[in-house]
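Each chain, letter by letter, is given below.
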Amino acid sequence: MIESPNFITFLNENRFQLAHRLVEKIGDQSNTIAAIDDFQPQIQKLAFELVDHLADAVASDNRRVFANFVIWLNLTIQPELKDFIKPILIAMQDEFNQDGTDAEDVNLFALSCIEEGLSEMGIQSCSPQKIRTVNKFDEIRRQYVDHLLAGEKQKAIDGILKQVKGGMSVKDIYLHVLQEALYKIGRLWQENKITVAKEHYCTAVTQLAISQLYPYIFTTNKNGLNLVAVCVGGEVHEIGVRMVADFFEMEGWNTWYLGSNTPAESIIDSVIENKTDLLAISCTISLHIRRVISIIRMLRSNPESKDVCVMVGGQPFNQIPNLWKEIGADLYASNAQDAIEAARSRFHF
Ligand code: B12
């Protein structure tokens, strides 16, 4: 881990002022887009988010945390604001290059993050989540998504249940149909092809479908191993870790799936109370990586939880190789099936 606590503290404590200064700086540039006054609050928010992600990249000692955010921003931001990303990045460079900056550490690392972000501005996509061509499942997934987009929830769910009754495993349905369908929905939303409301609807129906699969999940003999599965505080993307917990349940583990947005103290309490062998922590939004780091530190500093095995997963870990090691986790897996294999190598169940 990079040791620059002063710099991180500086960024955390001065985010608003810094964002404000960056916006002033781009306003001072004579060639800056005339529309700056029309979008003042949005540009302020944009500058704030960039500073926030920079702090995260520094905290996790990983430039990709920042660069991937820049790529994502570039793809999803409303068109009127796109032209402001680069000037803000340049203003950031200028800010951290100055002598006498309020930051105590000379933060070359932060500058290199900004540079990497700038060099990624032309890149098309950072998402590794392309639809995988697993032909057997393509048609089932296509029909499922079509029903969702048409608002036909009963048909969507019936299609899934029919497959399970016909012998398709719940694991295959989770990984190759529902997960991929949600990735597809995410891309449609990112490309502005569906509304937020439609995306929420598709997610809600998928959660309903998952709950209707439960009778097919809780049937296995128990192996005596305990799993606690959580999303860190602030994180609401809970379906991925729910799938992970269900895969463990199907392998005979006792699982405590605590869902989204779990406060750090409750995670530690639950780990101790449930005699946890493995803690699965999920993080989707890269800004929450620092919360994963802080939970791991809290666990290690408590004699009652210091030895628990920690497995992490979720989008930032899928995009940034070795991030999981750098933040002090014991295991990582890119999806629910690989999570079982990774745990097997440790617990031999
Ligand atoms: C559904 C959804 C939501 C729902 C979540 C509802 C819920 N109850 O879960 C709602 C609408 C609330 C939501 C909100 C937001 N979302 Co959203 N959302 C999605 C969407 C469409 C699907 C997520 C999902 O369920 N995927 C399916 C699961 C099964 O896949 P998964 O999470 O990757 O999990 C697998 C692996 O990653 C891994 N894994 C996951 N966790 C763990 C843990 C361990 C221990 C292990 C081993 C493995 C593991 O195994 C899982 C199973 O195989 C994605 C699109 C996408 N590409 O994922 C966007 C997406 C994740 N959301 C996004 C964004 C930006 C947001 C918002 C910030 C939007 C906003 N401006 O408000 C907020 C954030 C809120 C917050 N504070 O967290 C972006 C994230 C971009 C980024 N890189 O930061 C995405 C990628 C959309 C996009 N294409 O831009 N979202």
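Residues numbered from 1 in each chain as written. Predicted model: local features only at pLDDT ≥ 70, side-chain atom pairs only at ≥ 80, totals over all residues. Heavy atoms only, no water.

On any regular strand, side chains alternate: one points to one face of the sheet, the next to the other face. For strand 1 (residues 226-232), a buried count of seven out of seven residues is recorded, marking the element as mostly surrounded by other parts of the structure. Neither face of strand 1 is left uncovered, since the one carrying Asn226, Val228, Val230 and Val232 and the one carrying Leu227, Ala229 and Cys231 both have all their residues buried. Bridge analysis of strand 1 against strand 2 (residues 254-262) gives six bridges, and the strand direction is parallel. In the sheet register, valine 228 faces strand 2, and the bridge partner there is tryptophan 256. Crossover connection from strand 1 via helix 12 (residues 239-250) to parallel strand 2: handedness right-handed. (Buried < 20%, exposed > 50% of the residue type's maximum accessible area, 1.4 Å probe, protein only. Helix = DSSP H or I, 4+ residues; strand = E, 2+ residues; numbered from the N terminus. Pairing = 2+ DSSP bridges. Right-handed = clockwise from strand over helix to strand, strands pointing away.)

Further remarks concern the state of the cysteines. If you walk through the whole model with that rule in mind, you get zero disulfides. The thiol of cysteine 231 is unpaired, and the distance to the nearest cysteine sulfur, on cysteine 283, comes to 9.0 Å. The exposure class assigned to cysteine 231 is buried, which follows from its relative accessible area of 0%. (Disulfide = S-S within 2.5 Å.)

In this model, helix 7 (residues 108-119) (twelve residues) spans 16 Å end to end at C-alpha, consistent with the 16 Å of a helix rising 1.5 Å per residue. Listing the buried residues of helix 7 in full gives Phe109, Ala110, Leu111, Cys113, Ile114, Gly117 and Leu118. (Expected span 1.5 Å × (residues − 1).)

Moving on to the pattern of salt bridges. For the structure shown, the criterion picks out 20 salt bridges. Close ionic contact of arginine 21 with glutamate 95 constitutes a salt bridge, the shortest N to O distance being 2.7 Å. Separated by 74 residues along the polypeptide, arginine 21 in helix 2 (residues 15-28) and glutamate 95 in helix 6 (residues 85-97) bring together distant segments of the chain. For lysine 306, the salt bridge identified is with aspartate 307, shortest N-O distance 3.5 Å. The partly exposed category is assigned to lysine 306, whose relative accessible area is 39%. When its relative accessible area of 64% is taken as the criterion, aspartate 307 is described as exposed. Because the salt bridges share partners, they merge into one network encompassing Arg15, Asp52, Asp56 and Arg290. (Salt bridge = Lys/Arg side-chain N within 4 Å of Asp/Glu carboxyl O.)

For the rest of this paragraph, the subject is the environment of isoleucine 43. Take isoleucine 43: it is sitting in helix 3 (residues 40-59). On the basis of relative accessibility, which here comes to 0%, the residue isoleucine 43 falls in the buried class. Setting aside chain neighbours within four positions, we find isoleucine 43 in contact with Val23, Ile26, Ile36, Leu81, Phe84 and Ile88. (Contact = heavy atoms within 4.5 Å.)

As a further point, take a nonpolar patch on the surface. Side chains of Trp72, Trp189 and Val196 sit close together on the surface and give an oily, nonpolar patch of about 270 Å² of accessible area. Along the chain, tryptophan 189 falls in helix 10 (residues 170-190). (Patch = residues over 30% accessible without salt bridge, like charges linked within 9 Å, V, L, I, M, F, W, Y side chains within 5 Å. Areas by Shrake-Rupley, 256 points an atom, 1.4 Å probe, with all protein chains shown as cover.)

The subject of this paragraph is the coordination of the cobalt atom of the ligand. No other protein atom reaches the cobalt atom of the ligand as a donor apart from His237 (NE2), found 2.2 Å away. Mapped onto the fold, histidine 237 is located in the loop between strand 1 and helix 12. (Donors = N, O, S within 2.8 Å, 3.2 Å for Na, K, Ca; no water.)

A few words now on the confidence of the model for the chain. In the predicted model, the chain carries a mean pLDDT of 87, and the fraction of residues at 70 or more is 89%. Here residues 123-134 is modelled with pLDDT under 50, and outside its nearest four sequence neighbours on either side it reaches 27 contacts, counting other chains as well. (pLDDT = per-residue confidence, 0-100.)

Here we come to the packing of aromatic side chains. Evaluation of the coordinates by the stated rule reveals seven aromatic pairs. A centroid spacing of 4.7 Å and a plane angle of 25 degrees characterise the contact between phenylalanine 16 and phenylalanine 48, whose relative ring orientation is stacked. Here the residue phenylalanine 16 occupies a position in helix 2, and phenylalanine 48 occupies one in helix 3, the gap between them amounting to 32 residues. When its relative accessible area of 61% is taken as the criterion, phenylalanine 16 is described as exposed. (Phe/Tyr/Trp six-rings, centres within 6.5 Å; stacked < 30°, edge-to-face > 60°.)

In space, the five strands of this open sheet follow the order 2-1-3-4-5, with parallel pairing throughout. Each edge of the open sheet is held by one strand with a lone partner, namely strand 2 and strand 5 (331-332). Examined bridge by bridge, strand 4 (residues 309-313) and strand 5 share two bridges and lie parallel to one another. Directly across from valine 312, in strand 5, lies its bridge partner tyrosine 332. Relative to the sheet, helix 12 contacts strand 1, strand 2 and strand 3 (278-282), its axis offset from that of strand 2 by approximately 175 degrees. Relative to strand 4, helix 14 (residues 289-300) is tilted by about 175 degrees, and along the sheet it contacts strand 1, strand 3 and strand 4. (Axes fitted to C-alpha atoms, helices over the stretch in contact; angles between N-to-C directions.)

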